[in-house]
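Listed below, chain by chain, are the residues.
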Amino acid sequence: MSIGDGDVAAFDQLFIEMYPALCLLSNRIVSDEAMAKDIVSEIFLQLWKTRTSLPEVKNIEAYLYVATRNRSLNYLKKQKREEKKAQQAYEEQLEEKTYEDILQHVFNAETIRVLHAAILTLPPECTKVVQLNIEGFSTNEIAQQLGISPSAVSHQKARAIRLLREKIAPGMALISLLLAD
């Protein structure tokens, strides 16, 4: 009886004899011991599934070496394709970042820097109200936190907007949006 006839003992014997050498060959090709073991295991699984066609194979050891080499090389080709796809996706993402996008980011960062510097030059009570407003506190929460009335908070916001408009270029109307309720 032979592997082609479903002899499990013969298959086990072949596995015990060939597995270490095939893993070594695959590992030399793919440089990944775990992947090499997976590749060789898949080859033996495929061998068992197609055992009925084994009588056509003259030298089973040579067949296993060739199958291991081919499957290992196919694994490397697949890895290379995946790396190339990842590289292309990265390059496409970079291309999407146009010069105008980058300029917009620079402008936004500079606007925030100028606004922050201008806020720090406001009278202390205005600065406190504006900073709390930017942090997301409502008029009532700011009033409660500072121990003043909500109308005083609204007055300080209006005063801050007026002073900031005087200090910052007219093109930066963003101030009103940041301080609005």
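Since the structure is predicted, the reported quantities are computational estimates derived from the model, not experimental observations. (Residues numbered from 1 in each chain as written. Predicted model: local features only at pLDDT ≥ 70, side-chain atom pairs only at ≥ 80, totals over all residues. Heavy atoms only, no water.)

Further remarks concern the overall build of the protein. Each helix and strand in the protein was counted, giving eight helices and zero strands. Counted from the first residue to the last, the protein has its helices and strands arranged as α-α-α-α-α-α-α-α. For 181 residues, the compact-globule estimate of 2.2 N^0.38 gives 16 Å, and the protein exceeds it by more than 25% at 36 Å. With respect to the principal axes defined by its C-alpha atoms, the protein has extents near 100 × 40 × 25 Å. The buried share of the protein, reckoned over its 181 residues, is 27%. Sequence separation of at least 24 residues holds for 60% of the intrachain contacts in the protein that already meet a minimum separation of 6. A total accessible area of about 12,300 Å² is found for the protein, and carbon and sulfur atoms account for 56% of it. (Helix = DSSP H or I, 4+ residues; strand = E, 2+ residues; numbered from the N terminus. Rg over C-alpha atoms; globule rule 2.2 N^0.38 Å. Buried < 20%, exposed > 50% of the residue type's maximum accessible area, 1.4 Å probe, protein only. Contact = heavy atoms within 4.5 Å. Areas by Shrake-Rupley, 256 points an atom, 1.4 Å probe, with all protein chains shown as cover.)

Here the focus is the nonpolar core. Within the largest apolar cluster, 18 residues are counted, with the highest numbers of intra-cluster contacts made by Leu14, Phe44, Leu47 and Leu64. Elements that contribute at least two residues to this core include exactly helix H1 (8-30), helix H2 (33-49) and helix H3 (60-96). Sort the elements by how many residues they give to this core and H1 lands first, with seven residues. With ten residues, the next largest nonpolar core counts Leu115, Ile119, Leu163 and Ile168 among its residues. (Core = buried A, V, L, I, M, F, W, Y, C linked by side-chain atoms within 4.5 Å.)

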